[in-house]
Amino acid sequence: MIMENGGEMAMTNALDVNAVIQALKDVTRQQEDPVPLHAPVFSGNEWQYVKECLDTGWVSSVGCFVDQFERMLVEYTGAGYAIAVVNGTAALHVALILAGVKPGDEVIIPDMTFVATANAVAYCGAVPHLADIDPATLGLDPDKLDRYLHEIVLVKEGVCINKSTGRPIRAVVPMHTFGHPVDLDKLVAVAEKYRLAVVEDAAESLGSFYKGKHTGTFGMLAAISFNGNKIVTTGGGGAILTNDPELAKLAKHLTTTAKLPHSWEYVHDRTGFNYRLPNLNAAVGCAQLEQLPGFLERKRRLADKYRAAFAGVSGVTFFTEPEGARSNYWLNVLLLDEAFASRRDELLETANAAGVMTRPAWTLMHRLEMYKQCPRMDLSNAEDIAGRLINIPSSANLVDE
């Protein structure tokens, strides 16, 4: 738009919704109607491995594919140990317990996250403490968190205490949003400064690396998800990662109902959880992990196509991986310019009506009824980004092999 003011000319960009939709259609090639946000790709040994389960009768929580799946995760991520479980939420729940989170504790989580992050804290009887995000990573902002904790906590006998509530703050949970790693060096330093356990919510970041090291291997423990919409799926599933052999042993014990080994007797030594991943699901996961390098390569090419397509579209920016990180680009992100935040829903409605699935960020945790009374810091970055963020189709099969 050209504006005149006192004889001077100024140029301001406008948001062309139709141009955004056309760019989406050009990249996705409208292969399906609607184009899904993230669809699984089954082009490997899934049928063969599942048939083996059916042929042998090993379909439940015991079988060779569970062990193989865990070994493959260790080999790929570089973690010392991987414990397969029924979903990512279960993985995070048990990881928090193993990190020492107790009823009445507080756990720092990002305000902009999927609700499972907060729910896992609540399952422990603990209280989510909501923290702001860094616009450069979409995850926790370690600098802002450091300044905030300096004001509101004291560290007494090695325990971080919230001076306002009197409760211990036991852990911090960085979530690698849409596959983009947080600034882990700074985050881990903040956690050490305030004596907080680091439990990574790596649900979305299988295949993402920070300074050459896989996400989920920086803290005491981590959780990964293999839900149907993730880069690798088991249908439903998750895993706990850790480098601590004792924690790994206890994780396996707790997630298999805390049953003591015995050939025929059922004795359980504590309250455990039936969080075991079935062999059928693990079989699918093994076939998927075999294809992970190819999935990642295709998703990076898709991200490159989006970057090029939106370079000439005014009013929006394609979000790219943070400095020092290599993202899996699980869900691709468009950010509207601040001036056009009020038009986000218009764009969402138009895209979905045109057969291109898009969605906003999750509802912020402090806006959910069950978490709106949780302690929180200034959340201005989360509120700003959530109001402008749009996820766009990200399936690996949107580009050719």
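Attention here is on the structure that accompanies the text. Quick caveat, the model's predicted, so the values are computed rather than measured.

Parameters and conventions
- Residues numbered from 1 in each chain as written.
- Predicted model: local features only at pLDDT ≥ 70, side-chain atom pairs only at ≥ 80, totals over all residues.
- Heavy atoms only, no water.
- Pairing = 2+ DSSP bridges.
- Helix = DSSP H or I, 4+ residues; strand = E, 2+ residues; numbered from the N terminus.
- Axes fitted to C-alpha atoms, helices over the stretch in contact; angles between N-to-C directions.
- Phe/Tyr/Trp six-rings, centres within 6.5 Å; stacked < 30°, edge-to-face > 60°.
- Lys NZ or Arg CZ within 6 Å of the ring centre and 35° of its normal.
- Buried < 20%, exposed > 50% of the residue type's maximum accessible area, 1.4 Å probe, protein only.
- Polar contact = N/O pair within 3.5 Å; in protein donor to acceptor, adjacent residues only side chain to side chain.
- Salt bridge = Lys/Arg side-chain N within 4 Å of Asp/Glu carboxyl O.
- Core = buried A, V, L, I, M, F, W, Y, C linked by side-chain atoms within 4.5 Å.
- Contact = heavy atoms within 4.5 Å.
- Expected span 1.5 Å × (residues − 1).
- Parallel < 35°, antiparallel > 145°, perpendicular 65-115°, else oblique.
- Left-handed = near helix turned anticlockwise from the far one by under 90°.
- Nonpolar A, V, L, I, M, F, W, Y, C, P; charged D, E, K, R; others polar.

To continue, consider the sheet that holds strand 15 (residues 325-326). Across the sheet, which stays open at both edges, the three strands sit in the order 11-10-15 with antiparallel pairing between neighbours. Each end of this open sheet is capped by a strand with a single partner; those strands are strand 11 (213-214) and strand 15.

Our focus in this paragraph is the pairing of strand 7 (residues 159-162). Pairing of strand 6 (residues 153-156) with strand 7 involves four bridges; the strand directions are antiparallel. Within strand 7, the position partnered with Val155 by the bridge is Cys160.

This part is about the sheet that holds strand 8 (residues 169-172). Pairing between sheet strands relies on hydrogen bonds along the backbone, with the strands arranged either parallel or antiparallel. Taking strand neighbours across the sheet as the criterion, the seven strands line up as 3-13-12-9-8-4-5 in an open arrangement whose pairing is mixed. The sheet terminates laterally at strand 3 (81-85) and strand 5 (127-131), the two strands that pair on one side only. Within this sheet the neighbouring strands show an average axis-to-axis angle of 25 degrees, counted without direction. Looking at chain direction, strand 4 (residues 106-110) and strand 8 are connected through three bridges and run parallel. Across the sheet, Glu106 pairs through a bridge with Ile169, a residue of strand 8.

To continue, consider the packing of aromatic side chains. Summed over the entire model, instances satisfying the criterion amount to nine aromatic pairs. Counting every residue linked through ring pairs, the aromatic cluster contains Tyr306, Phe310, Phe318 and Tyr329. Directly above the aromatic system of Phe218 lies the positively charged group of Lys213, at a separation of 4.7 Å from the ring centroid. The aromatic ring of Tyr266 is capped on one face by Lys259, whose charged end is 5.1 Å from the ring centroid.

So, about unusual backbone geometry. Phi is positive for Leu138, which is not a glycine, with a value near 70 degrees. Looking at the secondary structure, you find Leu138 in the loop between strand 5 and helix 6 (142-152). Leu138 sits in the buried class, given a relative accessible area of 0%. Despite not being glycine, Glu157 shows a phi value in the positive range, around 55 degrees.

Locating Thr113 in the fold gives a position in the loop between strand 4 and helix 5 (115-123). A polar contact of 2.7 Å, which involves the side chain of Thr113, links it to the side chain of Thr117.

Our focus in this paragraph is the side chain of Asn391. Within the element layout of this structure, Asn391 appears in strand 18 (residues 389-392). A polar atom in the side chain of Asn391 sits 3.3 Å from the backbone oxygen of Asn332.

It is worth spelling out the pattern of salt bridges at this point. Going through the model one piece at a time under the given rule, you end up with 18 salt bridges. Among the salt bridges present, the one from Lys144 reaches Asp378, with a minimum N-O distance of 2.6 Å. Placement of the pair is Lys144 in helix 6 and Asp378 in the loop between strand 17 (359-360) and helix 11 (380-388), with a sequence separation of 234 residues. Residue Asp269 pairs with Arg270 through a salt bridge whose shortest N-O separation is 4.0 Å. On the accessibility criterion, Arg270 (46% relative accessible area) is partly exposed. Connected through salt bridges with shared partners, the residues Asp132, Lys144 and Asp378 form a single ionic network.

A word on the nonpolar core. Among the nonpolar cores identified, the biggest contains 37 residues, and Leu96, Val107 and Ile240 are the most heavily contacted of them. Taken together, the elements giving at least two residues each to this core come down to strand 3, helix 4 (88-98), strand 4, helix 5, strand 9 (197-201), strand 12 (221-225) and helix 8 (245-255). Take this core: its biggest share by element is seven residues, from helix 4. In this structure Ile240 touches Tyr81, Ala82, Ile83, Val85, Ala91, Val94, Leu221, Ala222, Ala251 and Thr255, once residues within four positions along its chain are discounted. Grouped together as the second largest cluster of nonpolar side chains are 30 residues, Ala222, Val232, Leu296 and Ala396 included.

As a further point, take the environment of Asp337. With respect to the secondary-structure elements, Asp337 resides in the loop between strand 16 (332-336) and helix 10 (344-353). Spatially, the C-alpha atom of Asp337 lies 32 Å from that of Val232, the residues being 105 residues apart in sequence. Contact partners of Asp337, with chain neighbours within four places excluded, come to Gly315, Val316, Thr317 and Arg388.

Another point: helix 1 (residues 17-28). The end-to-end C-alpha distance of helix 1, which contains 12 residues, comes to 17 Å, matching closely the 16 Å that a straight helix rising 1.5 Å per residue would cover. For helix 1, the secondary structure elements touched by its buried residues are helix 9 (279-310), strand 14 (316-318), strand 16, helix 10 and strand 18. Where helix 1 starts, the residue carrying a side-chain oxygen 3.1 Å from the main-chain nitrogen of Asn18 turns out to be Asp16. The first or second residue beyond helix 1 is Arg29, which carries a positive phi of 60 degrees.

Looking now at the packing of helix 4 against helix 5. Closest axis-to-axis distance for the helix 4/helix 5 pair is 9 Å, and the angle between their directions is 45 degrees. On the basis of the axis angle, helix 4 is oblique to helix 5. Viewed along their axes, helix 4 and helix 5 form a crossing whose handedness is right-handed. Residues Thr89, Leu92, His93 and Leu96 of helix 4 lie in contact with helix 5, whose contacting residues are Ala116, Thr117, Ala120, Val121 and Tyr123. By residue class, the composition of the contact of helix 4 with helix 5 is six nonpolar, three polar and no charged.

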